[in-house]
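Take a look at the letters that make up each chain.
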Amino acid sequence: MAIENKQIEKKTQDPKLLTQPEQDTAATRTENDLLGTREVPADAYYGIQTLRAIENYNISKTTLKDYPNFVRGIAVTKLGAAKANYKLGVITEEQFEAVKYACEQIIGGKYHDQFVVDMIQGGAGTSTNMNANEVIANIALEKMRHKKGEYKYCRPHDVVNASQSTNDAYPTFIHVGLYYTHLELREHLIDLIESLRNKADEFENILKMGRTQLQDAVPMTLGQSFGGFAYILENELTHLDHAAEDFLTINMGATAIGTGICSKPGYAARAVKAIREVTGFQFKLADHLVGATSDTSCMANYSSAMRLVAEKLNKVCNDLRTLSSGPRCGLNEINLPAMAPGSSIMPGKVNPVIPEVCNQVAYKVIGNDLCVAMCNQAAQMELNAMEPVMAQCCFASANLLMNGMDTLRTRCIDGITANAERCLEYVHNSIGIVTALDPVIGYVNATKIAKEALATGKGVYELVIEQKLLTKEQLDIILKPENMIEPVALDIRIAH
């Protein structure tokens, strides 16, 4: 048995048969940088500069890994750079294959837990870039059958960050990550629009009073109200798409300030082409790299487009709360699904909690946009050092909108029911229906009827017949629901 065990031990230690590197047994490993030496957790794929960033930026408690599309954008960018560097002979084939493997693993969703730097940081994103460089280098080292930290075989700076600066890599991370996020956001918005359209169809024959300035206006259908909600949100798809197009222009190859220093001729074009190939999206190189390196207007534009979505979402939620108000002492034209008891003291109260939380989502997105706008004008010379908080606000706003819209759709819109009789009662009792009589009895007569109705409490219908302005048959034709909710030609005239 002893001989057999030794043979097995010898066989397992044969380097040719090793598929994974030996596990680190020490609690830490020693790494060095410009500022000195530090002990890094042995099992961490990040390195010393990431460790310093963890200590320096305990700010928002929101880290890179909280935004998977951002991490995905990082890996796509680094893979594009590696492909270009390999073609130009900057890195070896072995290094390229290992880095490629690492990036593909991250793109596929692995190792995201190693992206631990706070989203809000000083240094214009340098800590994010180094977190990426260190993690990719150490994954690559293991693929090359070396230990983490054995950087002589694959260095974070000289291999993973070859031909790059944070000032072109970091903005590209953001552009790629936010473009992926945009594609997700628009799908969530489309789902909400479709839900509203379904309600518009369901309620197309329910007559109700329209209101302007919270006062009675003219009749419409409840379906038209929900169709209007769908329409105003659908318009924002175009605005989002247009703003997102700016993300497809990147400054990869600009390096530090746009001059391309430390890169070889042709690197920028090759890197951008590789990013196109990896993503399938039509990324292109900015026309003027110096200008593009300090320009963060793409984030400002997209944040503004998200703000418009938020503002319209806010309007929809306000209207839902108003239409459902009551139930005894409000409009009570629709019923929102009951999601929670509404009070700790008032029995039987149910509040519109889902529209309320979506109102708050909207206000937060609007606040984030203000932050982005302020940072956008903070660029100095050849760089805008405020990019980290701009990126955090954009990713956060997109996530808030997606979660908010899904919640509104599934826990509110889809379950709304109509109180058709209450809606019709308002129409019959409203003075606003007198507007439908304008083309027939004239504005002066209609005004007199409205004034008398207000003074006496009588209905418009009753007063028109009482004053013999129209016959009952004529009035019934004019006040048919289908004749009040769209343009019609009626052959009814009286002398005004």
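Note that the structure is a prediction, hence the values are computed from the model and not measured. (Residues numbered from 1 in each chain as written. Predicted model: local features only at pLDDT ≥ 70, side-chain atom pairs only at ≥ 80, totals over all residues. Heavy atoms only, no water.)

Q: Help me understand the overall build of the protein chain in this model?
A: A tally of helices and strands in the protein chain yields 19 helices and eight strands. Relative to its length of 496 residues, the protein chain is extended, with a C-alpha radius of gyration of 32 Å against a globular reference of 23 Å. Considering only C-alpha atoms, the protein chain reaches an extent of 110 × 60 × 35 Å along its principal axes. Looking at the protein chain as a whole, 48% of its 496 residues qualify as buried. (Helix = DSSP H or I, 4+ residues; strand = E, 2+ residues; numbered from the N terminus. Rg over C-alpha atoms; globule rule 2.2 N^0.38 Å. Buried < 20%, exposed > 50% of the residue type's maximum accessible area, 1.4 Å probe, protein only.)

Q: Which parts of the structure should I look at to understand helix 5 (residues 126-143)?
A: What sets the pattern is the α-helix's 3.6 residues per turn: residues three or four places apart point alike. The terminal C-alpha atoms of helix 5, which comprises 18 residues, lie 26 Å apart, in line with the 26 Å expected from a rise of 1.5 Å per residue. For helix 5, a buried count of 16 out of 18 residues is recorded, marking the element as mostly surrounded by other parts of the structure. Arg145 lies just past helix 5 and shows a positive phi near 70 degrees. (Expected span 1.5 Å × (residues − 1).)

Q: What is the right way to look at the confidence of the model for the protein chain in this model?
A: The predicted coordinates ought not to be read in detail in places where the model reports low pLDDT. Overall, the predicted model of the protein chain reaches an average pLDDT of 91, with 93% of residues at or above 70. This model gives residues 1-23 a pLDDT under 50, and the stretch forms six contacts once residues within four places in sequence are excluded. (pLDDT = per-residue confidence, 0-100. Contact = heavy atoms within 4.5 Å.)

Q: I'm lost on unusual backbone geometry in this one. Help?
A: Apart from glycine, the bulk of residues carry a negative phi angle, and the bulk of peptide bonds sit in the trans form. Cis rather than trans, the peptide bond between Gly326 and Pro327 has omega equal to 5 degrees. Topologically, Pro327 is positioned in the loop between helix 11 (297-323) and strand 7 (334-335). Its identity is not glycine, yet Thr255 carries a phi of approximately 50 degrees, on the positive side. Mapped onto the secondary structure, Thr255 falls in the loop between strand 5 (249-250) and helix 9 (267-279). Looking at Thr255, the relative accessible area reads 2%, which means it is buried.

Q: Which parts of the structure should I look at to understand empty space enclosed by the protein?
A: Rolled over the atoms, a probe with the dimensions of a water molecule shows which regions are left empty. For the coordinates displayed, the defined rule picks out two cavities of 30 Å³ or more. In this structure, the second largest cavity occupies an estimated 40 Å³ of space. In terms of lining residues, the second largest cavity is bounded by Leu336, Pro337, Met339, Asn351, Pro352, Val353, Ile354, Pro355, Arg411 and Cys412. Looking at which element gives the most residues to the lining of the second largest cavity, the answer is helix 12 (residues 353-376), with three residues. Classifying every residue of the lining of the second largest cavity gives eight nonpolar, one polar and one charged. (1 Å grid on protein atoms, 1.4 Å probe; cavity = no way out; pocket = protein on both sides within 12 Å on 5 of 7 lines; lining within 4 Å. Points joined across faces, edges and corners; volume = space filled by probe spheres on them. Nonpolar A, V, L, I, M, F, W, Y, C, P; charged D, E, K, R; others polar.)

Q: Explanation requested: the state of the cysteines in the structure shown.
A: As used here, a disulfide is simply a covalent bond connecting the sulfur atoms of two cysteines. The tally for this structure, following the rule as stated, stands at zero disulfides. As a non-bridged cysteine, Cys154 has Cys103 as the owner of its nearest cysteine sulfur, 9.8 Å distant. The exposure class of Cys154 is buried, given its relative accessible area of 0%. As a non-bridged cysteine, Cys358 has Cys317 as the owner of its nearest cysteine sulfur, 4.6 Å distant. (Disulfide = S-S within 2.5 Å.)

Q: Just to check I follow, could you spell out the pattern of salt bridges for this structure?
A: Applying the stated criterion to the full structure yields 19 salt bridges. With its nearest N and O atoms 2.5 Å apart, the salt bridge here joins Glu234 to Arg197. Pair noted here: Glu234 is in helix 8 (residues 222-244) and Arg197 is in helix 7 (residues 166-202), with a separation of 37 residues, a long-range link. The shortest N-O distance in the salt bridge between Lys199 and Glu202 comes to 2.9 Å. Linking Lys199 with Glu202, this pair stays in helix 7, spanning three residues, or about one helical turn. A single salt-bridge network, built from bridges that share partners, covers Arg186, Glu187 and Asp241. (Salt bridge = Lys/Arg side-chain N within 4 Å of Asp/Glu carboxyl O.)

Q: Is there a simple way to explain the pairing of strand 3 (residues 207-212) in this structure?
A: Taken residue by residue, a regular strand's side chains alternate between the two faces of the sheet. Relative to strand 4 (residues 215-221), strand 3 is paired through five bridges, and the arrangement is antiparallel. By the bridge assignment for strand 4, Lys208 is matched with Met220. Between strand 3 and strand 4, which pair antiparallel in sequence order, lie two residues; one of them, Gln213, sits at a positive phi of approximately 55 degrees. (Pairing = 2+ DSSP bridges.)

Q: Can you help me understand the nonpolar core in this one?
A: If you look at soluble globular proteins, the nonpolar side chains tend to sit buried side by side. Counting 118 residues, the largest nonpolar core has Phe226, Leu320, Leu401 and Leu408 as the members making the most contacts within it. Looking at this core, the element that brings in the most residues is helix 7, giving 14 residues. Among all residues touching Leu320, those that are not within four sequence positions of it are Phe226, Phe229, Ile334, Leu336, Leu408, Cys412, Ile413 and Ile416. If you look at the next biggest cluster of nonpolar residues, it comprises 21 residues, including Ile433, Ile449, Ala453 and Leu479. (Core = buried A, V, L, I, M, F, W, Y, C linked by side-chain atoms within 4.5 Å.)

Q: Just checking my understanding: could you explain the packing of helix 3 (residues 68-87) against helix 4 (residues 93-107) for this structure?
A: How two helices sit against one another is set out by the angle between their axes and by the gap between those axes. At a closest axis distance of 9 Å, the pairing of helix 3 and helix 4 adopts a crossing angle of 160 degrees. Here helix 4 runs roughly antiparallel to helix 3, going by the angle between their axes. Judged by the sense of rotation from one axis to the other, the crossing of helix 3 with helix 4 is left-handed. Facing Val71, Arg72, Ala75, Val76, Lys78, Leu79, Ala82, Lys83 and Tyr86 of helix 3, the residues of helix 4 in contact are Glu93, Phe96, Val99, Lys100, Cys103, Glu104, Ile106 and Ile107. Partitioned by chemical class, the residues of the contact of helix 3 with helix 4 number 11 nonpolar, no polar and six charged. (Axes fitted to C-alpha atoms, helices over the stretch in contact; angles between N-to-C directions. Parallel < 35°, antiparallel > 145°, perpendicular 65-115°, else oblique. Left-handed = near helix turned anticlockwise from the far one by under 90°.)

Q: Hey, could you run me through the packing of helix 7 against helix 11 in this one?
A: For the pair helix 7 and helix 11, interaxial distance at closest approach is 12 Å and the crossing angle is 15 degrees. Taken together, helix 7 and helix 11 sit at an angle that is classed as roughly parallel. Note on packing geometry: the crossing formed by helix 7 with helix 11 is left-handed. Of helix 11, the residues touching helix 7 (which contributes Ile174, His175, Leu178, His182, Leu185, Leu189 and Leu192) are Cys298, Met299, Tyr302, Met306, Val309 and Leu313. A class-by-class count of the residues in the contact of helix 7 with helix 11 yields 11 nonpolar, two polar and no charged.

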